[in-house]
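One letter stands for each residue in the lines below.
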Amino acid sequence: AEQPYGAPVTERAIPTAIWKADTSVTKHFLRKWLKSPGLDDEALDIRNILDWEYYLERLGNTIRKIITIPAALQCVPNPVPRVSHPSWLTDKVNKREDR
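Residues numbered from 1 in each chain as written. Predicted model: local features only at pLDDT ≥ 70, side-chain atom pairs only at ≥ 80, totals over all residues. Heavy atoms only, no water.

Visitor: When you look at the packing of aromatic side chains in this model, what are you seeing that I'm missing?
Guide: Any aromatic ring pair is given by two values, namely how distant the centres are and how the planes are angled relative to each other. Scanning the model with the defined rule gives two aromatic pairs in all. A ring pair is formed by phenylalanine 29 and tryptophan 33, whose centres lie 5.3 Å apart and whose planes are at 40°; its orientation type is tilted. With phenylalanine 29 and tryptophan 33 both in helix 1 (residues 23-33) and four residues apart, this pair spans about one turn of that helix. Take tryptophan 33: its relative accessible area is 30%, and that puts it in the partly exposed class. Both rings, one in tyrosine 54 and one in tyrosine 55, keep their centres 5.0 Å apart while their planes meet at 80°; by these two values the pair is edge-to-face. Given the relative accessible area of 42%, tyrosine 55 is considered partly exposed. (Phe/Tyr/Trp six-rings, centres within 6.5 Å; stacked < 30°, edge-to-face > 60°. Helix = DSSP H or I, 4+ residues; strand = E, 2+ residues; numbered from the N terminus. Buried < 20%, exposed > 50% of the residue type's maximum accessible area, 1.4 Å probe, protein only.)

Visitor: Just to check I follow, could you spell out the pattern of salt bridges for this structure?
Guide: Two side chains carrying opposite charge are able to pair once their charged atoms lie near each other. Tallied over the entire structure, the rule returns two salt bridges. Across the pair arginine 12 and aspartate 51 runs a salt bridge, and its minimum N-O distance is 2.8 Å. You can see arginine 12 sitting in the segment before helix 1 and its partner aspartate 51 sitting in the loop between helix 2 (46-49) and helix 3 (52-73), a full 39 residues away along the chain. Accessibility classification places arginine 12 together with aspartate 51 in one group, the buried group. For aspartate 45, the salt bridge is made with arginine 47, and the minimal N-O distance between the two is 2.8 Å. With relative accessibility at 27%, the residue aspartate 45 sits in the partly exposed group. (Salt bridge = Lys/Arg side-chain N within 4 Å of Asp/Glu carboxyl O.)

Visitor: Any chance you could explain the packing of helix 3 against helix 4 (residues 87-98) here in plain terms?
Guide: When two helices pack together, you describe them by how their axes are tilted relative to each other and by the distance separating the axes. Here helix 3 crosses helix 4 at 20°, and the two axes come no closer than 10 Å. By the criterion of interaxial angle, the relationship of helix 3 to helix 4 is roughly parallel. For helix 3 against helix 4, the interelement crossing comes out left-handed. On helix 4, the residues that touch Thr68, Ile69, Ala72 and Leu73 of helix 3 are Trp88, Leu89, Lys92, Val93 and Arg96. Looking at the contact of helix 3 with helix 4 residue by residue, the classes come out as six nonpolar, one polar and two charged. (Axes fitted to C-alpha atoms, helices over the stretch in contact; angles between N-to-C directions. Parallel < 35°, antiparallel > 145°, perpendicular 65-115°, else oblique. Left-handed = near helix turned anticlockwise from the far one by under 90°. Contact = heavy atoms within 4.5 Å. Nonpolar A, V, L, I, M, F, W, Y, C, P; charged D, E, K, R; others polar.)

Shown next, in the form of structure tokens:
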């Protein structure tokens, strides 16, 4: 979850089983865990609760590991330009191209 703001990621984890619980139970625990007792029903939608920046960063890291790093090491241009190479890889590719 994105809230409470400033809390470590491990403290912001919400069990997935909560979404299968009764609506009143879900609302109660989400307000408690998010430390926002005044949240309305729309704010308690999972799309509004997720920490999208966190998941976009994780997705980018996974794409980097599976696609862009192996491609760069095989002298293939970055197939996913929206996911930049890490600095160490950029340096390595630049050194290899200077040879």
